[in-house]
Amino acid sequence: MPDSAIESKSREMREAARLIFTQALDEASIVNGFARHVHCERGVLRVCEDLYDLQSYSRVLVMSLGKAGHTMVEALAAQVGASLEGIVASSVEPAAQIHGFRYFRGGHPTPNAESIQAASAMLRALASQPASALVIFLLSGGGSSIVEKPIDDEIALDDLIATYRALVHSGAPIAEINAVRKHLSAVKGGRLALAASHAQQVSLLVSDVPDSTPDALASGPTMPDSTTVEDCYRIAEKYELLRQFPQSTRELFERHSLEETPKSDDPAFHRARWWTVLSNQTAIEAASVAAERAGFIVHVDNSCDDWDYEKASDYLLQRVRELRKQFSPVCLISGGEVTVRVANGGVGGRNQQFALTCAEKIKGENITVLSAGTDGVDGNSPAAGAIVDGLTVARARSRGMDASDALRKFDAYPFFSALGDAIEIGPTGNNLRDLRILLAY
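If you're wondering where the values come from, they're calculated on a predicted model, not measured in any experiment. (Residues numbered from 1 in each chain as written. Predicted model: local features only at pLDDT ≥ 70, side-chain atom pairs only at ≥ 80, totals over all residues. Heavy atoms only, no water.)

Colleague: It is not clear to me how the packing of helix α12 (residues 309-324) against helix α13 (residues 350-361) should be interpreted in this structure. Could you clarify?
Modeller: Two numbers describe a pair of packed helices, the interaxial angle and the distance between the axes. Two elements in contact, α12 and α13, have axes separated by 9 Å at closest approach and are oriented at 55°. Compared by their axis directions, α12 and α13 come out oblique. Read as a crossing pair, α12 and α13 show a hand that is right-handed. Here α12 contributes Y309, E310, A312, S313, D314, L316, L317 and R321 to the contact with α13, which in turn contributes Q353, F354, T357, C358 and K361. In terms of residue class, the contact of α12 with α13 is built from six nonpolar, three polar and four charged. (Axes fitted to C-alpha atoms, helices over the stretch in contact; angles between N-to-C directions. Helix = DSSP H or I, 4+ residues; strand = E, 2+ residues; numbered from the N terminus. Parallel < 35°, antiparallel > 145°, perpendicular 65-115°, else oblique. Left-handed = near helix turned anticlockwise from the far one by under 90°. Contact = heavy atoms within 4.5 Å. Nonpolar A, V, L, I, M, F, W, Y, C, P; charged D, E, K, R; others polar.)

Written out as structure tokens, the structure is:
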């Protein structure tokens, strides 16, 4: 194939991957998820299989937290009407505020002063709710840092931020990070539910965690905690966290002073229900449909969820090469997240790091790889992720850029931005983990 034809096909496949990703985001939107699973008619709210007669409660209070905090409360208000009240905490400013709600802009990926203010406001509001009240929790990813209050007042905000950074950069998967967060928090691991223990409770989840561990979402503020203090001590030792923690946090571990979170037999959960409205599986299914419409034979493989990015790239590239021997063109879709242990990093994130390591491994091959976060944000960069193919390394070299150097420095975003291959869509108001889309032809 002449060089011009190769470059044309390369552009075509990169655009195809982008289209599959954006169509998946559209289909797996909050609005569509609520339309399928939440409905209110004549004052009766249906949440999946549950019915709530809103007129039978003395008060209906809504607590919405996470990256999808605004879009979730807007979708609920569109169904129920203007009678709702409560608190919304997200990491971005709302386009418009809904009457009856207090708004907080919490920090992400680390807490800020408003994260603590939001947590304190929620705990105060929930503590006063009687048995005749209904509390609707709207939970989405990012809630772990967006709403936070240390369990021990000795842990100042700066110490809390340092603790979060140590956890996020440890290389531990999100479930282990959240296990520790839960036991250091006054709101996580079921403690928000504990604060509202007298009221009827229902939680609607837009999940960015594995389906098998829903209590990891936003560190499970309204659910029984499946992790224990002993898990925390083990995780701290496994990732050598104590030498990275500030003194106030380290002392809790050294003295074995962590308090246990509420478990499934706690009375706080006797009148509580939880329903997943959207998850990574929703995004995977939407991407699969989009890829089939684009003419690809589609396979899904989520085996590498929470794997190290290097190991995950080797596995998925081997899988798509094997599939190409039987089908062409083929699309391999992989959901979930990969882990990256950052050392003195630049600007980037796990998706861009994954894409960049793939670029090194597919030089000259007819393979295209897109990796991006459904929240529109990847690490500390303004991108959601990036796209690479067999020409990426050569294209970069022709511009005087070294892919290996960017990879080693964890500085993928400037590399992809210069090539025009960063995926920059802005915060989506949704958060369903990551999608990896591999095309082979």
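Additional details are given in the paragraphs that follow.
Colleague: Teacher, can you tell me more about the sheet that holds strand β1 (residues 38-41) here?
Modeller: Either a parallel or an antiparallel arrangement is found when strands of a sheet pair, and the pairing is made through backbone hydrogen bonds. Read across the sheet, three strands follow the order β1-β2-β3 without closing on themselves; strand pairing throughout is antiparallel. What marks the edges here is a single partner per strand, and that holds for β1 and β3 (50-53). The mean angle between the axes of side-by-side strands here comes to 20°, regardless of whether they run parallel or antiparallel. The pairing of β1 with strand β2 (residues 44-47) spans four bridges and is antiparallel. Bridging from a neighbouring strand, C40 pairs with L45 of β2. (Pairing = 2+ DSSP bridges.)

Colleague: How should helix α11 (residues 280-293) be read in this particular structure?
Modeller: Each α-helix winds once per 3.6 residues, and so residues spaced three or four apart point in a common direction. Its 14 residues place the ends of α11 20 Å apart at the C-alpha level, agreeing with the 20 Å of an ideal helix rising 1.5 Å per residue. Every buried residue belonging to α11 is among N280, T282, A283, I284, A286, A287, S288, A290 and A291, and all of these are buried. On the buried face of α11, the contacting elements are α1 (3-27), α2 (30-37), β9 (272-278), β10 (297-300), β11 (330-336) and β15 (434-440). Just beyond α11, the residue with positive phi is G295, at close to 95°. (Expected span 1.5 Å × (residues − 1). Buried < 20%, exposed > 50% of the residue type's maximum accessible area, 1.4 Å probe, protein only.)

Colleague: Can you help me understand the pattern of salt bridges in this one?
Modeller: Side-chain pairs of opposite charge can arise where the charged atoms are in close proximity. The full count for this structure, using the stated rule, is 32 salt bridges. Here K67 makes a salt bridge to D375, at a shortest N to O gap of 2.3 Å. Placement of K67 in the loop between β4 (59-65) and α3 (69-80) and of D375 in the loop between β12 (367-373) and β13 (385-389) is noted, with a sequence separation of 308 residues between them. For K67, a relative accessible area of 15% corresponds to the buried category. A salt bridge links D434 to R350, with the shortest nitrogen-to-oxygen separation between them at 2.6 Å. Here R350 lies in helix α13 and D434 lies in strand β15, a separation of 84 residues in the sequence. For R350, a relative accessible area of 28% puts it in the partly exposed group. (Salt bridge = Lys/Arg side-chain N within 4 Å of Asp/Glu carboxyl O.)

Colleague: Whenever I open this one, the packing of aromatic side chains confuses me. Can you help?
Modeller: Given two aromatic rings, one states the distance between the centres and the angle between the planes to describe the pair. Throughout the structure, instances matching the rule amount to five aromatic pairs. Residues F269 and W274 carry aromatic rings whose centres are separated by 6.2 Å and whose planes lie at 55° to one another, so their mutual orientation is tilted. On the accessibility criterion, F269 (6% relative accessible area) is buried. W274 gets classed as partly exposed once you look at its relative accessible area, which sits at 31%. Through a chain of ring-to-ring contacts, three or more aromatic side chains come together here, namely Y233, F245 and F253. Positioned above the aromatic ring of W307, the side-chain terminus of K311 is 4.3 Å from the ring centre. When the ring centre of F354 is taken as origin, the NZ or CZ atom of R436, which lies over that ring, is 5.9 Å away. (Phe/Tyr/Trp six-rings, centres within 6.5 Å; stacked < 30°, edge-to-face > 60°. Lys NZ or Arg CZ within 6 Å of the ring centre and 35° of its normal.)

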